[in-house]
Amino acid sequence: MNRLKLIVLSCFLLPFFTWADTAPPCENDLECIEIGQWDLGIALGYGIRSNPLKDFDDIPIYMVPTFAYYGESWYFDNGNLGYTLTEQESYTINLATSFSTDSAYFQRWDPSNIFLAGGSTFDSSSVANNNIGLFTRGVQEPTIGDLEKRRFTYLGGLDAFIYTRVGIINFSLAHDMLNVHQGTEAQLKWIYNLPVQDWNFELQLKLDWKSEEIVDYYYGVRESESPYWNQAFKSKSALNAGIELTSTYVMTQHWDLLFLARYTRIADAIAESPLLNEEYTSTLYIGSSYRF
Amino acid sequence: MQISQIIASGFLLLSFSVSSSEQLIADETEKFTAELSLAPEFCITSDEQLTCELTVKLEWKNQIPKPICILSDYDNMVRWCSESAEVNSFSLDISTTEDIQFVMIDKATHETLAGVKLKVTPTAGPKVRRRYRNPWSLF
């Protein structure tokens with residue numbers, strides 16, 4: 001287990017010591033939303049999301065929208081649909097959909113990237129046609145041909161939140177709903193919001209477990225792509241660890257400054273795939289946002 | 001508990017209920033002697049309109065008609081007195097953000113006869129609930 005995973009796990013233990021002590025909700029605008037009203041916003045600025053795939057460009061970010069609608073029980077939040085089974089002062093249990101970011105590395109117009117305007121070239125065929133040293137490990141390792149499509153899918157499952165004085169614990173368990181890879185994903189997050197006058201800092205530590213089916217579908221090598229790597233790389237379940245910071249500064253009623261930093265340490269089980277040449281992915285963004 | 005104690009307790013309860021009934025009758029009599037009413041009694045403010053601007057009408061009824069005075073904690077009308085016993089209403093333009101208490105007193109004796117309050121109530125705030133994702137989770 002690497003150092004980041006240990007730090008993340010240690011932080012998850014902290015809120016359990018203050019289990020009974022619930023934080024008051026809605027201390028800032030980011031934590032709560034008005035029922036029956038669309039929350040729309042757009043962020044304009046510059047950022048980049050690194051792409052851990054070999055020969056796939058990093059993803060520039062100029063513009064990102066946010067759109068959410070919460071009813072009494074149903075909600076729609078940035079592409080995710082959910083139904084609240086129970087909401088108490090100290091915990092919430094939802095049925096919720098989600099989508100993983102794995103397919104986004106392969107397709108420019110993946111729903112995760114669709115609004116990330118930029119000139120990124122998601123041209124996997126260029127990898128196949130450019131056999132000189134691409135997708136090779138040392139001189140002897142065979143190249144990988146055209147990549148088959150890795151499709152986007154929706155996951156559906158349970159999403160639980162526990163609210164404590166020292167942050168929110170979020171656990172989610174979701175399964176592929178569109179029969180794309182038939183995999184399961186589980187996430188454990190610790191979310192801590194720190195409002196300081198006009199600033200708000202949200203720190204998030206995350207463990208993200210992906211089943212063997214997911215790893216195989218996105219990062220495994222198909223026989224048509226490379227018979228050698230199809231045999232040589234054996235997929236197994238993986239545990240990524242990540243840290244995220246989202247900070248906002250309120251300038252006016254509608255305008256905020258926005259700074260985001262995300263870092264995910266990719267599990268060895270994925271990083272060992274011949275499709276990758278990075279064992280991490282990161283996102284940096286600075287800009288301003290307008291909330292309608 | 002002995003029988004004598006039970007009987008004593010019964011008398012005690014009886015006397016209490018009798019005195020309560022007498023008090024009720026007295027209250028009703030008193031209420032009837034002087035009544036002060038206000039229309040409207042409530043003013044609801046909104047985020048856009050925080051101040052209540054309206055005309056209220058005070059009306060009173062005394063068993064024995066007599067000149068009265070109206071006192072209030074509204075700065076623009078601390079005291080108003082009727083000229084005669086026949087007057088039984090009074091209208092007032094109000095601009096306030098807070099409740100106003102009106103008290104009717106006997107003009108001659110200054111005895112407090114009745115009171116009424118204008119309640120200023122803000123509209124209920126928007127209903128909110130927890131949001132489960134950071135608004136910028138699409139990044």
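Residues numbered from 1 in each chain as written. Chains lettered and ligands numbered in written order. Predicted model: local features only at pLDDT ≥ 70, side-chain atom pairs only at ≥ 80, totals over all residues. Heavy atoms only, no water.

Looking at an unreviewed UniProt entry, chain B carries the name DUF3019 domain-containing protein, with the source organism given as Shewanella hanedai.

Going by an unreviewed UniProt entry, chain A carries the name MipA/OmpV family protein and comes from Shewanella hanedai. UniProt lists a comment for chain A under the heading Subcellular location (unreviewed entry), and it reads "Cell outer membrane". Entered under Sequence similarities (unreviewed entry) in the UniProt record, the comment concerning chain A runs "Belongs to the MipA/OmpV family." (UniProt positions renumbered as here; feature names shortened; annotations may be inferred.)

K.L.:
Can you help me understand the nonpolar core in this one?
P.N.:
Across soluble globular proteins, nonpolar side chains show a tendency to be buried alongside one another. Core analysis: the largest hydrophobic core is formed by 24 residues, its most contacted members being Leu36(B), Leu58(B), Ile70(B), Ile94(B), Phe102(B) and Met104(B). Those residues in contact with Ile70(B) that sit more than four places away from it in its chain are Leu36(B), Leu58(B), Trp60(B), Met77(B), Val78(B), Arg79(B), Trp80(B), Phe102(B), Val103(B) and Met104(B). One finds Leu53(A), Phe106(A), Tyr218(A) and Ala238(A) within the second-largest nonpolar core, a separate group that totals 23 residues. (Core = buried A, V, L, I, M, F, W, Y, C linked by side-chain atoms within 4.5 Å. Buried < 20%, exposed > 50% of the residue type's maximum accessible area, 1.4 Å probe, protein only. Contact = heavy atoms within 4.5 Å.)

K.L.:
Explain the side chain of Thr248(A) here, please?
P.N.:
All names here are of chain A. For threonine 248, the position within the fold is in strand S11 (residues 238-250). For threonine 248, a relative accessible area of 5% gives the class buried. Aside from chain neighbours lying at most four places away, what touches threonine 248 is Leu30, Asp198, Trp199, Asn200, Asp256, Leu257 and Leu258. (Helix = DSSP H or I, 4+ residues; strand = E, 2+ residues; numbered from the N terminus.)

K.L.:
I would appreciate a short explanation of the sheet that holds strand S9 (residues 184-196) of chain A in the present structure.
P.N.:
Each strand in a sheet pairs with its neighbour through backbone hydrogen bonds, running either in the same direction (parallel) or in the opposite one (antiparallel). Residues and elements named next belong to chain A. Strand order in the closed barrel formed by 12 strands is S2-S3-S4-S5-S6-S7-S8-S9-S10-S11-S12-S13, and the pairing between neighbours is antiparallel. Going across the sheet, the axis of each strand differs from the next one's by a mean of 20°, ignoring polarity. Across four bridges, strand S4 (residues 74-77) lies against strand S5 (residues 80-87) in antiparallel orientation. Looking across to S5, one finds that phenylalanine 76 is bridged to leucine 81. (Pairing = 2+ DSSP bridges. Axes fitted to C-alpha atoms, helices over the stretch in contact; angles between N-to-C directions.)

K.L.:
Just to check I follow, could you spell out the side chain of Ser211(A) for this structure?
P.N.:
All names here are of chain A. As for its placement among the helices and strands, serine 211 is situated in the loop between strand S10 (199-210) and helix H3 (212-219). Among the residues examined, serine 211 registers a relative accessible area of 5% and is labelled buried. In this structure serine 211 touches Gly183, Thr184 and Ser237, once residues within four positions along its chain are discounted.

K.L.:
It is not clear to me how the interface of chain A and chain B should be interpreted in this structure. Could you clarify?
P.N.:
As a measure of interface size, the accessible area lost when the parts come together is often cited. On the chain B side, the residues contacting the 48 residues of chain A number 14 residues. Each partner contributes to the roughly 2800 Å² buried at the junction of chain A and chain B, and carbon and sulfur atoms together form 56% of this total. Among the residues chain A hides against chain B, the three largest losses belong to Leu30(A), Ile35(A) and Tyr70(A). Together they make up 14% of the total. Counting every contact that joins chain A to chain B gives three salt bridges. The partner of Asp77(A) in a salt bridge is Arg131(B), with the nearest N and O atoms 3.0 Å apart. Between the two partners, chain A and chain B, sit 17 residue pairs in polar contact (both at pLDDT 80 or more). (Buried area = accessible area lost by both parts, 1.4 Å probe. Salt bridge = Lys/Arg side-chain N within 4 Å of Asp/Glu carboxyl O. Polar contact = N/O pair within 3.5 Å; in protein donor to acceptor, adjacent residues only side chain to side chain.)

K.L.:
What exactly am I supposed to notice about a nonpolar patch on the surface here?
P.N.:
Residue and element names in this part refer to chain A. Together, Leu44, Tyr46, Ile48, Tyr62, Met63, Met251, Trp255 and Leu257 make up a nonpolar patch on the protein surface, roughly 690 Å² of accessible area in all. Within the residue set of the nonpolar patch, elements represented by two or more residues are strand S2 (38-49), strand S3 (59-70) and strand S12 (255-265). Here the element with the most residues in the nonpolar patch is S2; it accounts for three residues. Relative to the assigned elements, tyrosine 46 resides in strand S2. According to the relative accessible area criterion, tyrosine 46 is partly exposed, its value standing at 45%. (Patch = residues over 30% accessible without salt bridge, like charges linked within 9 Å, V, L, I, M, F, W, Y side chains within 5 Å. Areas by Shrake-Rupley, 256 points an atom, 1.4 Å probe, with all protein chains shown as cover.)

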